[in-house]
Amino acid sequence: MPELLGDNDRMLNLARSAMAAAALTAALTLLVPVAADRIAFLAGVDDSSASRQQASVIDAEVLDSHCSGLVPDASVAEAPASVWDDGNVRGTTSADLAGFAARFNEIRATHCLEPIPAANFVFDSCLQERLRWMAEDPSEDPGSAWGHDGAVRSDGLPSTGCDGNLAGGAGNTGATVAQKWWESPHHRASLYRPAETVSLDDVCIAFAMVHGGLPDEPLAFTRASARWTDC
């Protein structure tokens, strides 16, 4: 009997330890939204509280990856390839938009989702203006000014432009950010909307990308933004 009681005591202690660990994890989760957003940026994709609020329940059957017969059209509109700050900051190119659109529709087709009409992928100057505002932050921290509405620039200049799903980091292209947004459940729900049932003829995917930044970020360092919107 004493041996049995000892076993019960050990089991009770283990249970108490597990409950304490779970409580600590929950507390830390509530305390680190800003830090998590910065870590997500360094990894190449924004996963902030704003994007989490856009998440919806996704029917697992919609995400079946064994589909065929959906052929995306890769021909999309052009982008102006603007240049600022003596070439240290450059805007969305037609190649950025085309690469994003092609990969976006490849992903949708792979998962049995109807491709978005090619003409409905559009360059968005308002999204680009926000990205430029971030890129021209004089801070040497590439994460300075990064974030959604309410983000603050190191020199105090008020934000301009429009908010959207965000991805950033070194070596990103239109195609890679399309992939990263799909791999993030919150961004997938916001930007790809696999459970959406409306006609896609009236749906546009707005996109912008900025290359480089101040004071000395290389052009290979990019910031991208996109949103699902009405045409």
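These numbers come from a predicted model, not from an experiment. Within each chain, residue numbers correspond to sequence positions counted from 1 in written order. pLDDT decides what is reported in this predicted model: residues at 70 or higher carry local features, side-chain atom pairs at 80 or more are listed and counted, and totals for whole chains, interfaces and linings draw on all residues regardless. Hydrogens and waters are ignored; side-chain quantities use all the structure's heavy atoms.

Before going further, it helps to spend a moment on the overall build of the protein. Helix numbering and strand numbering both begin at the N terminus, where a helix is a DSSP run of H or I of at least 4 residues and a strand a DSSP run of E of at least 2. Per the secondary structure count, the protein includes 7 helices and 6 strands. In sequence order, the secondary structure elements of the protein are arranged as α-α-α-β-β-α-β-α-β-α-α-β-β. Whether a residue is buried, partly exposed or exposed follows from its accessible area with a 1.4 Å probe, protein chains only, as a fraction of its type maximum: under 20%, in between, or over 50%, in that order. Taken across its 231 residues, the protein has 39% of its residues classed as buried. Note on contacts: a residue pair qualifies if any of its non-hydrogen atoms lie within 4.5 Å across the two residues. When contacts within the protein are restricted to residue pairs at least 6 apart in sequence, long-range pairs at least 24 apart make up 72% of them. Computed with the Shrake-Rupley method and a 1.4 Å probe, the accessible areas treat only the protein chains shown as cover for residues. Element-wise, carbon and sulfur atoms account for 57% of the exposed surface of the protein, whose accessible area totals about 11900 Å².

Attention shifts here to the pattern of salt bridges. One speaks of a salt bridge when a side-chain nitrogen belonging to Lys or Arg is within 4 Å of a carboxyl oxygen belonging to Asp or Glu. Following the criterion strictly, the structure yields 7 salt bridges and no others. Taking the shortest distance from any N to any O, the salt bridge between Arg 193 and Glu 196 comes out at 3.9 Å. A residue is classified by how much of its surface remains accessible, and Arg 193, at 29% relative accessible area, is partly exposed. Taking relative accessible area as the criterion, Glu 196 reaches 32% and is therefore assigned partly exposed.

Attention now moves to the packing of aromatic side chains. Only the six-membered ring of Trp is used, alongside the rings of Phe and Tyr, when aromatic pairs are assigned; centres must lie within 6.5 Å, and planes under 30 degrees apart are stacked while those over 60 apart are edge-to-face, with the rest tilted. Under the counting rule described, the total for this entry stands at 7 aromatic pairs. Judged by centre distance (6.0 Å) and plane angle (90 degrees), the rings of Phe 100 and Trp 181 are edge-to-face. Of this pair, Phe 100 sits in helix α4 (residues 94-110) while Trp 181 sits in helix α6 (residues 174-183), placing them 81 residues apart in sequence. The pair Phe 100 / Trp 181 is uniform in exposure class, with both members buried. On the numbers, 5.4 Å between centres and 80 degrees between planes, the contact of Phe 104 with Phe 121 is edge-to-face.

This next bit is on the state of the cysteines. Any cysteine sulfur atom paired with another within 2.5 Å is treated as part of a disulfide. Inspection of the entire model under this criterion finds 2 disulfides. Disulfide pairing is shown between Cys 126 and Cys 162; the S-S distance is 1.8 Å. The sign of the 70 degrees torsion about the S-S bond sets the Cys 126-Cys 162 disulfide as right-handed. Residue Cys 126 is located in helix α5 (residues 125-135), and its partner Cys 162 is located in the loop between α5 and β4 (165-170); the two are separated by 36 residues in the primary sequence. Under the relative-accessibility criterion, Cys 126 is labelled partly exposed at 25%. One disulfide bridge connects Cys 204 with Cys 231, the sulfur atoms lying 2.0 Å from each other.

Our focus in this paragraph is the side chain of Asp 124. Turning to its location among the elements, Asp 124 is positioned in the loop between β3 (121-123) and α5. The class for Asp 124 is buried, based on a relative accessible area of 11%. A polar contact of 3.0 Å, which involves the side chain of Asp 124, links it to the backbone nitrogen of Leu 127. Polar contacts, as counted here, are pairs of nitrogen or oxygen atoms within 3.5 Å of one another; within protein the pair requires one atom able to donate a hydrogen and one able to accept it, and residues that are adjacent in sequence qualify only if both atoms are side-chain atoms.

Here we come to the packing of α4 against α6. Between N-to-C directions, angles span 0 to 180 degrees; the directions come from axes that are lines fitted to C-alpha atoms, helices contributing only their stretch in contact. Relative orientation of the contacting elements α4 and α6 amounts to 35 degrees, with a least axis distance of 7 Å. Crossing of α4 over α6 shows right-handed handedness. Where α4 abuts α6, its residues Asp 96, Gly 99, Phe 100, Arg 103, Phe 104 and Ile 107 lie against Gly 174, Ala 175, Val 177, Ala 178, Gln 179, Trp 181 and Trp 182. Note on residue categories: nonpolar means Ala, Val, Leu, Ile, Met, Phe, Trp, Tyr, Cys or Pro, charged means Asp, Glu, Lys or Arg, and polar means any other residue, Gly included. Residue composition of the contact of α4 with α6, grouped by class: 8 nonpolar, 3 polar and 2 charged. In this scheme the handedness of a crossing depends on how the near helix is turned from the far one: anticlockwise by less than a right angle means left-handed, clockwise means right-handed.

Turning next to the nonpolar core. By nonpolar core is meant a set of buried Ala, Val, Leu, Ile, Met, Phe, Trp, Tyr and Cys residues that side-chain atoms within 4.5 Å join together. One finds Phe 100, Phe 121, Trp 181, Ile 205 and Phe 207 to be the most contacted residues of the largest nonpolar core, which totals 25 residues. For this core, the elements supplying multiple residues, two or more each, are α4, α6, α7 (185-192), β5 (203-213) and β6 (217-230). In contact with Phe 100, other than residues within four places in its own chain, are Phe 121, Gly 174, Ala 175, Val 177, Ala 178, Trp 181, Leu 191, Ile 205, Phe 207 and Ala 226. With 13 residues, the next largest nonpolar core counts Trp 84, Val 89, Met 134 and Ala 145 among its residues.

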